[in-house]
Amino acid sequence: AEYEKRINDEHELFKALEAVKDTDAHTADGERISVCVNIGNPSDLDSADCKFDGVGLFRSEFLFSSEKEMPTCDEQTEAYREVIKAASPNYVTIRTLDVGGDKQIKYLNMQKEENPFLGERGIRLMLNNPDVFKTQIRAILIAAADEKVKIMLPMITSLDEIRAAKKIIAEVQAELESGKIAYCKEPLVGIMIETPASAIMADVFAKHADFFSIGTNDLVQYIMAADRGNYQVENLYNPYHPAVIYMLNNIIRAGRDANIEVSVCGDLAANTDFTELLLGMGLKKFSVPQPMASRIKYKISGINLDEARELKYRALAAEDETEVKNILKKIK
Ligand code: PEP
Ligand code: MG
């Protein structure tokens, strides 16, 4: 009887997902919500089987990790152009190279570090290797010459990093201008919020970024001081922890107050336990692995925003992970 029930539930869910597949996402009370996809390779879009609102996270690492030497500007341009054209007229959010931590690239001459996740990762590595960063920015701007694009900076912890990255972007634009090469004149430049420093400074950083995207995979690991890949501490790597809930609310509120777009592109965006909470906090954009897009659209379609806000207040008042989990899972 139990398995028959599960099979029936699966059939019902499958029918419901088919029904939302080709529609835009709306809450039950009619609020339009963006559901974008995360990709790691241009070919990830070939298998897309549902309507979505653009690419919320293009992890550009694949271009760099599969080769023995650094991809040229032309090679990168081709890959970015392919994705931008495929997603047009929607935006593609290209994250600049985010290696370091557990991801090593041989030809970048990366140092062996005692604590790589607290070391030269993401934007830190790029600012220390401006030629690599510049080549990538150049390729993105050329690829988006007749289109629009979002450039996303990973692992931001300080305003100086945002300023330095933007300065380099402006330099590349000036070089393209003087070389009479067609390029995207007004890319949107945003940041990943995935460190406690950026989560706490969200009000200030929002004045300097066109958008925020919350990288919950790293944010949880850094808030909890628990390695995301270490099973010894997997009980601590817990997104239901009240500190995580508090930080998520602070980031989304700060983005809303500053009137910039906020999305979640980490795994939490695809966790249906969190959909109502995030909507209650005011999130308007989710970016999820492509196979999860219909599932999240369907979940959103059953949520009423007044009830979601009420759930948010209860979750924010919870004192421990179990209490948060019970509230989100609606266990009495
Ligand atoms: C994240 O940290 O949530 C994120 C989306 O980035 P990655 O998983 O690639 O580190
Ligand atoms: Mg990350």
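Reading the values: rules and limits
- Residues numbered from 1 in each chain as written.
- Chains lettered and ligands numbered in written order.
- Predicted model: local features only at pLDDT ≥ 70, side-chain atom pairs only at ≥ 80, totals over all residues.
- Heavy atoms only, no water.
- Near = heavy atom within 4 Å.
- Polar contact = N/O pair within 3.5 Å; in protein donor to acceptor, adjacent residues only side chain to side chain.
- Helix = DSSP H or I, 4+ residues; strand = E, 2+ residues; numbered from the N terminus.
- Nonpolar A, V, L, I, M, F, W, Y, C, P; charged D, E, K, R; others polar.
- Core = buried A, V, L, I, M, F, W, Y, C linked by side-chain atoms within 4.5 Å.
- Buried < 20%, exposed > 50% of the residue type's maximum accessible area, 1.4 Å probe, protein only.
- Contact = heavy atoms within 4.5 Å.
- Salt bridge = Lys/Arg side-chain N within 4 Å of Asp/Glu carboxyl O.
- Donors = N, O, S within 2.8 Å, 3.2 Å for Na, K, Ca; no water.
- Axes fitted to C-alpha atoms, helices over the stretch in contact; angles between N-to-C directions.
- Parallel < 35°, antiparallel > 145°, perpendicular 65-115°, else oblique.
- Phe/Tyr/Trp six-rings, centres within 6.5 Å; stacked < 30°, edge-to-face > 60°.

Q: An account of the site of ligand 1 is requested, with residue identities and associated values reported.
A: As a matter of local geometry, ligand 1 sits amid 13 residues, with R59, R95, G215, N217 and R228 nearest to it. In the environment of ligand 1, an oxygen atom lies 3.0 Å from a nitrogen or oxygen atom belonging to the side chain of R95. Residue N217 places a main-chain N or O atom 2.7 Å away from an oxygen atom belonging to ligand 1. Of all the elements in the fold, those that place two or more residues in the shell around ligand 1 are strand 3 (55-59) and helix 9 (216-224). A per-element tally of the shell around ligand 1 places helix 9 first, with 3 residues. Of the residues in the shell around ligand 1, the class split is 3 nonpolar, 4 polar and 6 charged.

Q: Lay out the nonpolar core in plain terms, naming residues and giving numbers.
A: In this structure, F212 and F286 are the most contacted members of the largest nonpolar core, which totals 100 residues. In terms of residue count, the dominant contributor to this core is helix 5 (residues 130-143) (8 residues). Residues in contact with F286, not counting those within four places in the same chain, are I33, S34, V35, C36, V264, A269, T275, L278, L279, I296 and I300. Counting residues in hydrophobic clusters, the runner-up holds 5 residues, among them L57, M152, F211 and C265.

Q: So what about the pattern of salt bridges? Which residues, and what values?
A: Two side chains with opposite charge may pair up if their charged atoms get near one another. Per the counting criterion, the structure on display carries 25 salt bridges. In this structure, E2 and R6 form a salt bridge, with 3.0 Å as the shortest nitrogen-oxygen distance. Taken as a pair, E2 and R6 lie in helix 1 (residues 2-20) at a separation of 4 residues, close to a single helical turn. When its relative accessible area of 45% is taken as the criterion, E2 is described as partly exposed. Under the relative-accessibility criterion, R6 is labelled partly exposed at 47%. The residue E12 makes a salt bridge to K15 at a minimum N-O spacing of 3.6 Å. Within this pair, E12 and its partner K15 are both found in helix 1, separated by 3 residues, close to a single helical turn.

Q: Residues and numbers for the coordination of the magnesium ion (ligand 2), please.
A: Ligation of the magnesium ion (ligand 2) by protein atoms is provided by E194 (OE) and D218 (OD), these donors lying 2.0 to 2.2 Å from the ion. A residue pair is termed long-range when its members are at least 10 positions apart, and E194 in the loop between strand 6 (188-193) and helix 7 (196-200) and D218 in helix 9 qualify at 24 residues. Each member of the pair E194 and D218 is classed as buried.

Q: Run through the packing of helix 1 against helix 12 (residues 293-301), naming residues and quoting values.
A: Following both chains from N to C, one finds helix 1 and helix 12 inclined at 90 degrees, their axes separated by 9 Å at the closest point. With respect to each other, helix 1 and helix 12 are oriented roughly perpendicular. Contacts between helix 1 and helix 12 involve L13, A16, L17 and V20 from the first element and S294, R295, K297 and Y298 from the second. In terms of residue class, the contact of helix 1 with helix 12 is built from 5 nonpolar, 1 polar and 2 charged.

Q: Run through the packing of aromatic side chains, naming residues and quoting values.
A: Per the stated rule, a full pass over the model turns up 3 aromatic pairs. Relative to Y80, the ring of F58 lies with its centre 6.1 Å away and its plane at 80 degrees, an arrangement referred to as edge-to-face. Taken as a pair, F58 in strand 3 and Y80 in helix 3 (residues 73-87) lie far apart in primary sequence, 22 residues in all. The same class applies to F58 and to Y80, which are both buried. Ring geometry for Y240 versus F274: centroids 5.0 Å apart, planes at 45 degrees, classification tilted. Highlighted residues: Y240 in the loop between helix 9 and helix 10 (242-257) and F274 in the loop between strand 8 (261-264) and helix 11 (275-280), separated in sequence by 34 residues. Taking relative accessible area as the criterion, F274 reaches 0% and is therefore assigned buried.

Q: Outline the side chain of T275, listing residues and values.
A: Position of T275 relative to the elements: it lies in helix 11. You can call T275 buried: its relative accessible area is 0%. A polar atom in the side chain of T275 sits 3.4 Å from the backbone oxygen of T272. Every residue in contact with T275, bar those within four places of it in the chain, is listed here: F286, I296, K299, I300 and I303.

Read these as spatial facts, not as claims about activity.
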